[in-house]
Amino acid sequence: MAHAAPQTVRPAHAQPASPWPAMLALVLGFFMILVDSTIVSVATPAIMRGLDADVNSVIWVTSAYLLAYAVPLLITGRLGDRVGPKVLYQVGLVVFTLSSLWCGLSNGIEMLIIARVFQGLGASMMTPQTMAVITRTFPPERRGKAMALWGAVAGIANVVGPVAGGLLIDGPGWEWIFFINIPVGVVAFVLAWRLVPKLETHSHRFDILGVILSAAGMFCIVFGIQEGETYDWDGWIWLLIGAGVLVMIGFVVWQRFNKHEPLVPLSLFRDRNFSLSNIAISTVGFMIVAMSLPLMLYAQTVLGLSPTKSALLILPMAVIGIVLAPFVGRMVDRMHPRYLAGFGTLCDAAALFWIAKLIGPDTPIWQLLLPITLLGIGTAFTFGPLSTTANRNLPMAQAGAGSGVFNATRQVGSVLGSSAIAALMQARLAANLPAMKGGGATGGSYGGVLPVPLRAGFATAMAQSVLLPAAVILVGFVAALFFEAPKHLAGRDR
């Protein structure tokens, strides 16, 4: 297979003396695409009313984005190695920004879902390049602080998204949660053009069969899980999910026996910390998406809060994340990752079980703010330590592939969280409010505040749904317990 000619790169002495300006330029675009992973959750009732859609259709607005984001990550990390991280980041930024305009102009739920697919594709081009640039421009002794900033941005973006969404929905309208990306995208492009250096490229072959298998397998699993309740878990739904699982097994087998250059180098997983970090970050991705939708629906349809006020419920998460980020960043290079990530995931689990216990038709808002604050502490201690631990031992030649796998794993967790919470919410609504089977009463006439007789049953369904991400994040806690100390901490417990 023919290889592209290596890109002409800037000589090492011409690169900026400090890698921080490039890092900050990339963080702006990274922050924007992560915000779009969660911002739709607070807009769900508004989009349902504006486009006359039911809750399951609106959840596809998130699932389609996450699926289109997750699958290509396995190849865009490698593609960044080949054409240069800067070039691919800028191409992805253009695709993402133009797709945001398309989303805002959509006049039907189907068009919005299609536009979100293209948004996800643009995001998939951008994300691996941020981690690859960090790995290739920061020396090992400073990489922990850079990764901690990257992780802090990821954590903060996931909670800032709903807050920003609430303000925009109550103001100019739900379309502006997408229109706002246009000026941000332009600024991010200019900063990347000016501040991000060109880096040495590496030739790669591309595993097209691997892309097809992973995309087909993930789609079958996600569609089957999310639409299962809609079709009463008919036999063909289970066959579709089973087929997806078999295709994913085939994908792994193909990666093992591919004689050229597999999409996922399984050798990466020989590193214990890389493997465990991928397990843990998938549970974090699952948790963030799966907890936000029932919480936002409960706040708006049961408590009667506006989009802005419901989003402000999770403001303590953002504030505590911002406050703790620099402290966690300093601890990442000095403490065993087991303690940091283990503490973070345990706080997340405790907070979600607490929220599930509190949710009810008349719960005082101040009571909800306590576990939400704890959730912010957990998030602050999770993203940075996990991203640093995953990439610390990877060789430079595999920086792009490693970051692609890590980010793909996180996004796979997110898309599974989106589809699983959709199925669970529909099932619990059918059980607690039989008249709302399939979530029907959450669309159309009940896109706003529910009648009083329905609120208790709806609240119970949302509380039961929150138990799912609470249980899943405990898997991440167990994975974190088995981290090995990095080489510079070998033999030390702190």
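Residues numbered from 1 in each chain as written. Predicted model: local features only at pLDDT ≥ 70, side-chain atom pairs only at ≥ 80, totals over all residues. Heavy atoms only, no water.

- In the annotation of an unreviewed UniProt entry, the chain is listed under the name DHA2 family efflux MFS transporter permease subunit and assigned to Microlunatus elymi.
- UniProt annotates the chain under Sequence similarities (unreviewed entry) with the comment "Belongs to the major facilitator superfamily. EmrB family." (UniProt positions renumbered as here; feature names shortened; annotations may be inferred.)

A few points about the packing of helix α2 (residues 55-70) against helix α5 (residues 109-137)
Link 1 in the chain: Remark: α2 packs on α5, axes separated minimally by 6 Å, with the N-to-C direction vectors making an angle of 25 degrees. Comparing the axis directions of α2 and α5 gives the class roughly parallel. As α2 runs across α5, the sense of the crossing is right-handed. In contact with Ser 57, Val 58, Trp 60, Val 61, Thr 62, Ala 64, Tyr 65, Ala 68 and Tyr 69 of α2, α5 contributes Ile 109, Leu 112, Ile 113, Arg 116, Val 117, Gln 119, Gly 120, Leu 121, Ala 123, Ser 124 and Thr 127.
Link 2 in the chain: Broken down by class, the residue content of the contact of α2 with α5 amounts to 13 nonpolar, 6 polar and 1 charged. (Axes fitted to C-alpha atoms, helices over the stretch in contact; angles between N-to-C directions. Helix = DSSP H or I, 4+ residues; strand = E, 2+ residues; numbered from the N terminus. Parallel < 35°, antiparallel > 145°, perpendicular 65-115°, else oblique. Left-handed = near helix turned anticlockwise from the far one by under 90°. Contact = heavy atoms within 4.5 Å. Nonpolar A, V, L, I, M, F, W, Y, C, P; charged D, E, K, R; others polar.)

Some points on helix α13 (residues 315-332)
Link 1 in the chain: Between its first and last C-alpha, α13 extends 25 Å over 18 residues, near the 26 Å set by a 1.5 Å rise per residue.
Link 2 in the chain: At Ala 325, α13 shows its maximal bend, which comes to roughly 40 degrees, and the proline Pro 326 appears one to four places after that position.
Link 3 in the chain: For α13, the set of buried residues is Met 317, Ala 318, Gly 321, Leu 324, Ala 325, Val 328, Gly 329 and Val 332. (Expected span 1.5 Å × (residues − 1). Bend = angle between axes of the 7 residues up to and from the residue. Buried < 20%, exposed > 50% of the residue type's maximum accessible area, 1.4 Å probe, protein only.)

Here we look at unusual backbone geometry
Most peptide bonds adopt trans geometry, and most residues besides glycine take a negative phi value.
Link 1 in the chain: Positive phi outside glycine occurs at Asp 232, with the angle close to 55 degrees.
Link 2 in the chain: Structurally, Asp 232 can be placed in the loop between α9 (208-227) and α10 (235-257).
Link 3 in the chain: A relative accessible area of 51% places Asp 232 in the exposed class.
Link 4 in the chain: Positive phi values are uncommon outside glycine, yet Trp 233 reaches one of about 50 degrees.
Link 5 in the chain: Structurally, Trp 233 is set in the loop between α9 and α10.
Link 6 in the chain: The exposure class of Trp 233 is partly exposed, given its relative accessible area of 28%.

Describing the nonpolar core
Link 1 in the chain: Counting residues in each nonpolar core, the largest one holds 131 residues, and the members touching the most others are Ile 47, Ile 109 and Leu 112.
Link 2 in the chain: The residue makeup of this core includes at least three contributed by each of domain 1 (18-207) and domain 2 (265-433 + 448-493).
Link 3 in the chain: Filtering out sequence-adjacent residues up to four positions away, Ile 47 remains in contact with Val 40, Asp 52, Val 58, Ile 109, Leu 112 and Trp 174.
Link 4 in the chain: If you look at the next biggest cluster of nonpolar residues, it comprises 6 residues, including Leu 324, Val 328, Leu 340 and Ala 380. (Core = buried A, V, L, I, M, F, W, Y, C linked by side-chain atoms within 4.5 Å. Domains from an automatic or database assignment.)

A few points about the side chain of Asn 181
Link 1 in the chain: Within the element layout of this structure, Asn 181 appears in helix α8 (residues 181-195).
Link 2 in the chain: Asn 181 gets classed as buried once you look at its relative accessible area, which sits at 3%.
Link 3 in the chain: Excluding its chain neighbours within four sequence positions, the residues that come into contact with Asn 181 are Met 32, Asp 36, Phe 96, Thr 97, Ser 100 and Gln 119.

Regarding α2
Link 1 in the chain: Over its 16 residues, α2 runs 22 Å from end to end, which matches the ideal 22 Å to within 8%, given 1.5 Å per residue.
Link 2 in the chain: Of all bends in α2, the biggest is about 25 degrees, found at Val 61.
Link 3 in the chain: Counted residue by residue, α2 has 15 buried out of 16 residues, so it is predominantly covered.
Link 4 in the chain: Among the residues of α2, the N-terminal cap falls to Asp 54, whose side-chain oxygen and the backbone nitrogen of Ser 57 are separated by 2.8 Å. (Polar contact = N/O pair within 3.5 Å; in protein donor to acceptor, adjacent residues only side chain to side chain.)

A few points about the packing of aromatic side chains
Link 1 in the chain: Tallied over the full model, the rule gives 10 aromatic pairs.
Link 2 in the chain: With centroids separated by 5.2 Å and ring planes inclined at 80 degrees, the aromatic side chains of Trp 176 and Phe 179 adopt a geometry described as edge-to-face. A residue pair is termed a helical-turn pair when its members lie 3 or 4 positions apart in one helix, as Trp 176 and Phe 179 do in helix α7 (residues 176-179) at 3 residues.
Link 3 in the chain: Classification of Trp 176 as partly exposed rests on a relative accessible area of 38%.
Link 4 in the chain: Overall, the relative accessible area of 16% leaves Phe 179 in the buried class.
Link 5 in the chain: Measuring from centroid to centroid gives 5.3 Å for Phe 269 and Phe 274, while their planes differ by 65 degrees, and the two rings are edge-to-face.
Link 6 in the chain: Each member of the aromatic cluster is reached from another via a ring pair, and the members are Trp 60, Phe 219 and Phe 223.
Link 7 in the chain: The ring of Tyr 65 is capped by Arg 116, whose NZ or CZ atom sits 4.2 Å from the centre of that ring.
Link 8 in the chain: Just above the ring of Phe 257 sits the side chain of Arg 256; from NZ or CZ to the centre is 5.1 Å. (Phe/Tyr/Trp six-rings, centres within 6.5 Å; stacked < 30°, edge-to-face > 60°. Lys NZ or Arg CZ within 6 Å of the ring centre and 35° of its normal.)

A look at the environment of Gly 166
Link 1 in the chain: Within the fold, Gly 166 resides in helix α6 (residues 140-170).
Link 2 in the chain: With a relative accessible area of 0%, Gly 166 lands in the buried category.
Link 3 in the chain: Taking the C-alpha atoms as reference, Gly 166 lies 7.7 Å from Ser 306; in sequence the two are 140 residues apart.
Link 4 in the chain: Not counting residues within four places of it along the chain, the set of residues in contact with Gly 166 comprises Val 42, Pro 307, Thr 308 and Ala 311.

Section: the packing of α13 against helix α15 (residues 365-380)
Link 1 in the chain: Put simply, α13 and α15 touch, their axes get as near as 8 Å, and they point 30 degrees apart. Accordingly, the angle class assigned to the pair α13 and α15 is roughly parallel. The crossing of α13 and α15 is right-handed. From α13, Pro 316, Met 317, Ile 320, Gly 321, Leu 324 and Val 328 reach across to α15, where they touch Leu 369, Ile 372, Thr 373, Leu 375, Gly 376, Ile 377, Thr 379 and Ala 380.
Link 2 in the chain: Looking at side-chain class alone, the contact of α13 with α15 contains 10 nonpolar, 4 polar and no charged residues.

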